Every structure is written in structure tokens, then in C-alpha cells.
Amino acid sequence: MLKRLTFDCVTLCVAIVATLVAARHSTGNTISFEEPLSVYLAIGLIVFLFLPLLVLSFFEHPVLKIINVVYQSLIVFSFVGLMPVSFLIPNGSSTIIVAVLGTVASLASVIVATRSTTFQPVLK
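Since the model is a prediction, treat every value here as computed from it, not as a measurement.

A. Highlighting the nonpolar core. Counting residues in each nonpolar core, the largest one holds 13 residues, and the members touching the most others are Leu12, Ala15, Ile46, Phe50, Ile75, Phe79 and Val98. Elements with a minimum of two residues in this core: helix H1 (2-24), helix H2 (36-56) and helix H3 (62-86). Ranked by residues supplied to this core, first place goes to H1 with six residues. Here Phe79 is in contact with Thr11, Val14, Ala15, Ala18, Val98, Ala99, Gly102, Thr103 and Ser106, once residues within four sequence places are set aside.

Have a look at this one:
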């Protein structure tokens, strides 16, 4: 449980850093530090979307662990989708680095959650 929670918190931190990097290298009508309310809303939305993941990491039931893995795989796809987009951003090398770190952290979280899932029959 502690490993899953730790990896989920690391993934949350990397997602927040990705938002801050995107705000730093804003182009056009995106989030930027010139409008801090949009940055706060984006970070709040990320935390809100990670809450089910953090809550599910406390439970040891196999079905809830599978739901946790499926939810985490959606986060992996979002970081993988960020990689090709970061090539289009001017000075997007920091975005590429954050996307790779987020993908690695999310995949590690999925692997830890998958390995902790055990399907042992109940002996009566």
C-alpha cells in the first residue's frame, strides 16, 4: 500500500510540474503565469482527478487494485501523448523531459500496482 501511494504521489507531483512548465512556455491562448487563476484551476483539476487514484491505493481488494491499474493507465497515455506535442513547442526540451519522467513514474506505478495484485483463493 505504501509503495502504491508513494508512486501515485510522485506521479501527481510530476503532473503538477508539467502544468507549471506548460505555463512557463505558454504560446497563444493557453495557461500562463500572466493569468494565475488559470494555473490554479489547472492544478486544482489535476489534484481532483488524482484523488480517486490516491484513495484507491489504500485498499487491498483485488478488484479495486484492477480499477486502480486501469485508471493509472489513462494517466500513462496522457503523458505519452504529451511527448509528441512537446516537439511542437518552441523551447520544449523541458516539456519533453517532464513528459518522459511522467511516463516513467506512471509506468512504475502501474507495475507496482500490478505486482501487488494477488489472486489467492480463500481457503475454508
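B. Molecular detail of the state of the cysteines. Evaluated as defined, the whole model comprises zero disulfides. Sulfur of Cys9: no disulfide; nearest cysteine sulfur belongs to Cys13 and is 6.7 Å away. By relative accessible area, which is 33% here, Cys9 ends up partly exposed. Cys13 gets classed as partly exposed once you look at its relative accessible area, which sits at 49%.

C. Structural view of the layout of surface pockets. Estimated volume of the largest pocket: approximately 520 Å³. Around the largest pocket sit 21 residues that line it, and Ala15, Ala18, Thr19, Ile46 and Leu82 are the ones nearest its centre. Of all the secondary-structure elements, those providing two or more residues to the lining of the largest pocket are H1, H2 and H3. In the lining of the largest pocket, the residues fall into 14 nonpolar, seven polar and no charged.

D. Structural detail: empty space enclosed by the protein. Per the counting criterion, the structure on display carries one cavity of 30 Å³ or more. Put simply, the largest cavity is a space of about 30 Å³. Lining the largest cavity, in full, are Asp8, Thr11, Leu53, Gln72, Ile75, Ser106 and Ser109. For the lining of the largest cavity, the secondary structure elements donating two or more residues are H1, H3 and helix H4 (93-115).

Definitions and cut-offs
- Within each chain, residue numbers correspond to sequence positions counted from 1 in written order.
- In view of the model being predicted, local features appear only for residues whose pLDDT reaches at least 70, and side-chain atom pairs are presented and counted only at 80 or more, with totals across whole chains, interfaces and linings using the full set of residues.
- The side-chain values count all of the structure's non-hydrogen atoms but skip hydrogen atoms and water molecules.
- Buried Ala, Val, Leu, Ile, Met, Phe, Trp, Tyr and Cys residues form a nonpolar core when they are joined through side-chain atoms within 4.5 Å.
- Only protein chains enter the accessibility calculation, which uses a 1.4 Å probe. A residue is then buried if its area is under 20% of the maximum for its type, exposed if over 50%, and partly exposed in between.
- Runs of E in the DSSP output that reach at least two residues are strands. Runs of H or I that reach at least four are helices, and both are numbered from the N terminus.
- Only heavy atoms matter for contacts: two residues are in contact if any of them lie within 4.5 Å across the pair.
- Throughout, a disulfide means two cysteine sulfur atoms within 2.5 Å of one another.
- Detection works on a 1 Å grid of protein atoms alone, calling trapped sets that fit a 1.4 Å probe cavities and calling open sets with protein on both sides within 12 Å along at least five of seven lines pockets, with lining residues defined by an atom within 4 Å of a point.
- Grid points are joined across faces, edges and corners, and a volume is the space filled by probe spheres set on the points.
- Charged residues are taken to be Asp, Glu, Lys and Arg, nonpolar residues to be Ala, Val, Leu, Ile, Met, Phe, Trp, Tyr, Cys and Pro, and polar residues to be all remaining types, Gly included.

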